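Per-entry structural report
Residue-level listing of the chains:
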Amino acid sequence: MSTHIGAPEGAIAPYVLMPGDPYRARWIAETFLEDAVQYNDVRGMLGYTGTYKGVRISAQGSGMGQPSMAIYAYELFDSYDVEAIVRVGTCGALSETVKVRDVIIGMTASTDSAMNRARFGDVTFAPSADFELLHNAYKAAQAQNLPAVVGGLYSSDQFYSPRPEIAKELAKYGVLGVEMEASALYTLAAQFGKKALAVCTVSDHLITGEETSAQERQETFDDMMVMALDAIVEMDKNRA
Ligand code: HPA
């Protein structure tokens with residue numbers, strides 16, 4: 001048991017998919033997992049465990065923003081022996097090289113958050129994805145013909161940023177998309193010696209102003225989910 005996840009030991013799989021929205025965790029369980037059982041509803045942050053292609057996988061909401069993500073990721077790694085977390089989310093595109101509905105596989109996660117300043121003082125840590133998961137996700141995307149690009153994410157603390165020019169500056173350095181959780185996830189995986197990856201569909205474009213409809217978001221989300229699940233299955237195969 002832990003503070004924010006009320007599951008007994010063993011109720012959570014070694015591999016966890018984390019959408020921000022807890023209802024999306026339920027949707028993942030209902031759509032992709034066999035024999036899914038709900039293990040958490042503390043604060044409405046739903047979590048489920050089932051199987052996909054014979055591999056035990058959980059789906060757990062993270063909530064929005066790095067402090068929320070950090071609480072759940074910490075407890076999953078620390079109290080439940082979780083080996084790998086894949087964030088499955090949306091992001092805003094910062095670069096004209098990506099289009100809405102593309103999937104960004106987050107190699108790195110820059111941030112404006114003070115969280116890592118509290119860890120490292122003046123040293124700026126470079127949160128990065130687990131290479132095996134990233135490689136598997138990219139291969140799965142290619143197998144599915146899914147438009148996926150590998151590159152940098154920007155985990156911002158403010159959705160309604162008072163300084164949007166900062167994201168544009170980061171774009172000049174090749175950062176592809178802005179979201180709100182990946183950096184904390186990558187840092188916690190590093191702290192615990194575990195694995196993490198964030199994959200995000202582009203829901204809106206901060207440069208072109210293009211947006212996706214709810215239905216388009218759902219369809220791309222579906223495809224991205226299969227990519228993330230297959231990446232996990234491939235990782236599990238290599239463990240056996
Ligand atoms: N900013 C931050 N997070 C997001 C965005 C955005 O524009 N779009 C989707 N997630």
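Use the structure listed above.
As the structure is a computational prediction, the values presented were derived from the model and not from experiment. (Residues numbered from 1 in each chain as written. Predicted model: local features only at pLDDT ≥ 70, side-chain atom pairs only at ≥ 80, totals over all residues. Heavy atoms only, no water.)

Turning to the overall build of the protein, a few remarks are in order. Each helix and strand in the protein was counted, giving seven helices and nine strands. Its C-alpha atoms give the protein a radius of gyration of 17 Å, within 12% of the compact-globule value 18 Å for 240 residues. When its C-alpha atoms are laid out on the principal axes, the protein stretches across 45 × 40 × 35 Å. Considering the protein as a whole, with its 240 residues, one finds that 53% of them fall into the buried category. Restricting to contacts in the protein with at least 6 residues of sequence separation, those with at least 24 account for 77%. (Helix = DSSP H or I, 4+ residues; strand = E, 2+ residues; numbered from the N terminus. Rg over C-alpha atoms; globule rule 2.2 N^0.38 Å. Buried < 20%, exposed > 50% of the residue type's maximum accessible area, 1.4 Å probe, protein only. Contact = heavy atoms within 4.5 Å.)

Using the criterion set out here, one finds six aromatic pairs in the structure. An aromatic cluster of at least three residues, connected via ring pairs, comprises Trp27, Phe32 and Phe221. (Phe/Tyr/Trp six-rings, centres within 6.5 Å; stacked < 30°, edge-to-face > 60°.)

Bringing the site of the ligand into the picture now. What surrounds the ligand is the set Thr90, Cys91, Gly92, Phe159, Val178, Glu179, Met180, Ser203, Asp204 and Leu206. In this structure, Gly92 approaches the ligand through a main-chain N or O atom, which is 3.3 Å from a nitrogen atom. Between Asp204 and the ligand, the recorded distance is 2.9 Å, taken from a side-chain N or O atom to a nitrogen atom. Protein contacts shield 88% of the accessible area of the ligand, which totals 260 Å² for the unbound molecule. For the shell around the ligand, the secondary-structure elements that each account for two or more residues are strand E5 (84–93), strand E8 (175–179) and strand E9 (195–205). If one sorts the elements of the shell around the ligand by residue count, E5 sits on top with three residues. (Near = heavy atom within 4 Å. Polar contact = N/O pair within 3.5 Å; in protein donor to acceptor, adjacent residues only side chain to side chain. Areas by Shrake-Rupley, 256 points an atom, 1.4 Å probe, with all protein chains shown as cover.)

A word on the pairing of E9. The buried fraction of E9 is high, at 10 of 11 residues. In this sheet, E9 lies alongside E5 in parallel orientation, the contact comprising 10 bridges. Bridge assignment links Ile85 to a residue of E9, and that residue is Ala196. As defined by bridge partners, strand E6 (residues 103–111) adjoins E9 across four bridges and the pair is classed as antiparallel. Residue Ile104 lies in a different strand from E9, and its bridge partner there is Cys200. (Pairing = 2+ DSSP bridges.)

This part covers a nonpolar patch on the surface. Residues Met107, Tyr138 and Val150 make up a contiguous nonpolar surface patch of about 230 Å² in total accessible area. Residue placement: Tyr138 occurs in helix H4 (residues 131–144). (Patch = residues over 30% accessible without salt bridge, like charges linked within 9 Å, V, L, I, M, F, W, Y side chains within 5 Å. Salt bridge = Lys/Arg side-chain N within 4 Å of Asp/Glu carboxyl O.)

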